Amino acid sequence: MSATTLTRLPVLRALLAQLLALPLVWLLSLGLVWGFAVRPGLLLAAFAQGALAALIGARLGLSVWWLPINLLFVPGLLLFRDLDVPAWAPLSGFALLLLLNWNAFGERVPLYLTGSQTERRLRARLAVLPTDFRLIDLGSGLAGTLVRLARAYPAARFVGVETAPLTFALSWLRCLPRRNCQVHPLSLWRVDLGEYDVVYCFLSPAPMAALWEKARAEMRPGAMLISNSFAVPGVEPAEVLSIDDWRGSRLLIWYPAGPPPDGTGTSG
């Protein structure tokens, strides 16, 4: 397994953390039996394995939200066994999680939903643009924000891209009633950003540097890149709109190809 594959697929690093933790717990258990005549229970050993897997996962560069998954994976299997839960139940739950969060496992971009206060601030910022602006949401999730913006600005065009299968299907259905709103099953890396006046994203720190380079290469002068909370490393935003919510959210705005010549905030 190459280092590049491990970097691109966090789920493989999580699996590696689980596998590395198993022999460590086995050695620890042997040490307790031989040195102190203490035989740890199976559940205690499972939590010890989970704790080690979480620590190893953190050292391997996994995001914080992977830590509870690594911690509780093996204890959860034991709990399902003790409760006599049918084998298909946890497998179905995992499949549902995978279908909703495909990007989290493959590209380190979990399913984040834009908060209502952030959405209102974004809607207000878009109000100063020409009415026929074009916006794309990179990783549009369940498309709630996209649909509501499309309703608020009927002359504008809204496009979302989403690769998580179940998430895409649900968002595609939500957009069907609105003629100015569409969602496509595409990776954000396959989209030409030059077609849009506004590029909105709520991703994670992982892809922001690469997204900035893509935006600089493709976006037109005056087109805005708006990131919910996650900054581009080493690049100061042109605008920062703070949101007073529990996340401490911010809308960070850049003009990757330069500001508009007329100061309207879009390329028109």
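Residues numbered from 1 in each chain as written. Predicted model: local features only at pLDDT ≥ 70, side-chain atom pairs only at ≥ 80, totals over all residues. Heavy atoms only, no water.

Draft legend 1. Broad picture of the overall build of the protein. Regarding its fold elements, the protein presents 10 helices and 7 strands. Relative to its 268 residues, the protein shows a buried fraction of 41%. (Helix = DSSP H or I, 4+ residues; strand = E, 2+ residues; numbered from the N terminus. Buried < 20%, exposed > 50% of the residue type's maximum accessible area, 1.4 Å probe, protein only.)

Draft legend 2. Seen up close, unusual backbone geometry. Positive phi outside glycine occurs at Ala143, with the angle close to 70°. Among the structural elements, Ala143 can be located in the loop between strand S1 (134-138) and helix H8 (144-152). The phi dihedral of Ser229 is positive, around 80°, even though this residue is not glycine. On the secondary structure map, Ser229 appears in the loop between strand S5 (224-228) and strand S6 (239-242).

Draft legend 3. Molecular detail of a nonpolar patch on the surface. There is a patch of nonpolar side chains on the surface, built from Leu43, Phe47, Leu71 and Leu72 and spanning about 340 Å² of accessible area. Sorting the residues of the nonpolar patch by element identifies helix H3 (42-59) and helix H4 (66-82) as the ones contributing at least two each. Examined against the element boundaries, Leu71 turns out to sit in helix H4. (Patch = residues over 30% accessible without salt bridge, like charges linked within 9 Å, V, L, I, M, F, W, Y side chains within 5 Å. Areas by Shrake-Rupley, 256 points an atom, 1.4 Å probe, with all protein chains shown as cover. Salt bridge = Lys/Arg side-chain N within 4 Å of Asp/Glu carboxyl O.)

Draft legend 4. Focus on the side chain of Asn180. Along the chain, the position of Asn180 falls in the loop between helix H9 (165-175) and strand S3 (181-184). By relative accessible area, Asn180 is classed as buried at 13%. Within the structure, Asn180 has its side chain in polar contact with the backbone oxygen of Ala150 (distance 3.0 Å). Looking at Asn180, its side chain comes within polar contact range of the main-chain oxygen of Ala156, at 3.2 Å. In this structure, Asn180 is in contact with Ala150, Tyr153, Pro154, Ala156, Arg157 and Phe158, ignoring residues within four places of it in sequence. (Polar contact = N/O pair within 3.5 Å; in protein donor to acceptor, adjacent residues only side chain to side chain. Contact = heavy atoms within 4.5 Å.)

Draft legend 5. Fine view of H9. Buried residues of H9: Thr167, Phe168, Ser171 and Cys175, and no others. An end-on view of H9 places all buried positions within 95° of arc, on one side of the element. (Arc of directions from axis to C-beta.)

Draft legend 6. Inspection of the packing of aromatic side chains at higher detail. Summed over all chains, the structure comprises 4 aromatic pairs. Aromatic rings pair up to connect Phe133, Tyr153 and Phe158 into one cluster. (Phe/Tyr/Trp six-rings, centres within 6.5 Å; stacked < 30°, edge-to-face > 60°.)

Draft legend 7. Geometry of the pairing of S1. Among the 5 residues that make up S1, 4 are buried, leaving the element largely enclosed by the rest of the structure. Examined bridge by bridge, S1 and strand S2 (residues 157-161) share 5 bridges and lie parallel to one another. Note that in S2 the partner of Ile136 across the bridge is Val159. Note on the crossover from S1 through H8 to S2: the handedness is right-handed. (Pairing = 2+ DSSP bridges. Right-handed = clockwise from strand over helix to strand, strands pointing away.)

Draft legend 8. Here's a closer look at the packing of helix H7 (residues 116-126) against H8. Where H7 meets H8, the closest approach of the two axes is 11 Å, and the angle between their N-to-C directions is 35°. Regarding H7 and H8, the two cross each other, and that crossing is right-handed. Facing H7, whose interface residues are Glu119, Leu122, Arg123 and Leu126, H8 presents Thr145, Arg148, Leu149 and Ala152. (Axes fitted to C-alpha atoms, helices over the stretch in contact; angles between N-to-C directions. Left-handed = near helix turned anticlockwise from the far one by under 90°.)

Draft legend 9. Molecular detail of the sheet that holds S5. Strand order in the open sheet made by the 7 strands is S3-S2-S1-S4-S5-S7-S6, with mixed pairing throughout. The sheet is open, and its two borders are formed by S3 and S6, each paired with just one other strand. When strand polarity is set aside, the average angle formed by the axes of neighbouring strands in this sheet is 20°. Here S2 pairs with S3 via 4 bridges, running parallel. Each residue of the ladder has a partner; that of Val161, found in S3, is His184.

Draft legend 10. Region of the structure containing the pattern of salt bridges. Scanning the entire structure with this criterion turns up 6 salt bridges. Lys214 is the partner of Glu218 in a salt bridge, and the nearest nitrogen-oxygen pair spans 2.9 Å. Of this pair, Glu218 and Lys214 both sit in helix H10 (residues 208-218), 4 residues apart, which is roughly one turn of that helix. We classify Glu218 as partly exposed; its relative accessible area is 27%.

Draft legend 11. A look at the UniProt feature "transmembrane region" (unreviewed entry) in the protein. Feature annotation in UniProt assigns "transmembrane region" (unreviewed entry) to the following positions: residues 15-36, 43-67 and 87-105. With 100% helix and 0% strand, the stretch residues 15-36 has end C-alpha atoms that lie 31 Å from each other. (UniProt positions renumbered as here; feature names shortened; annotations may be inferred.)

Draft legend 12. Main features of the confidence of the model for the protein. With 80% of its residues at a pLDDT of 70 or more, the protein has an overall mean of 82. Every residue in residues 1-8 is under pLDDT 50, and counting partners more than four places away or in other chains gives 10 contacts. (pLDDT = per-residue confidence, 0-100.)

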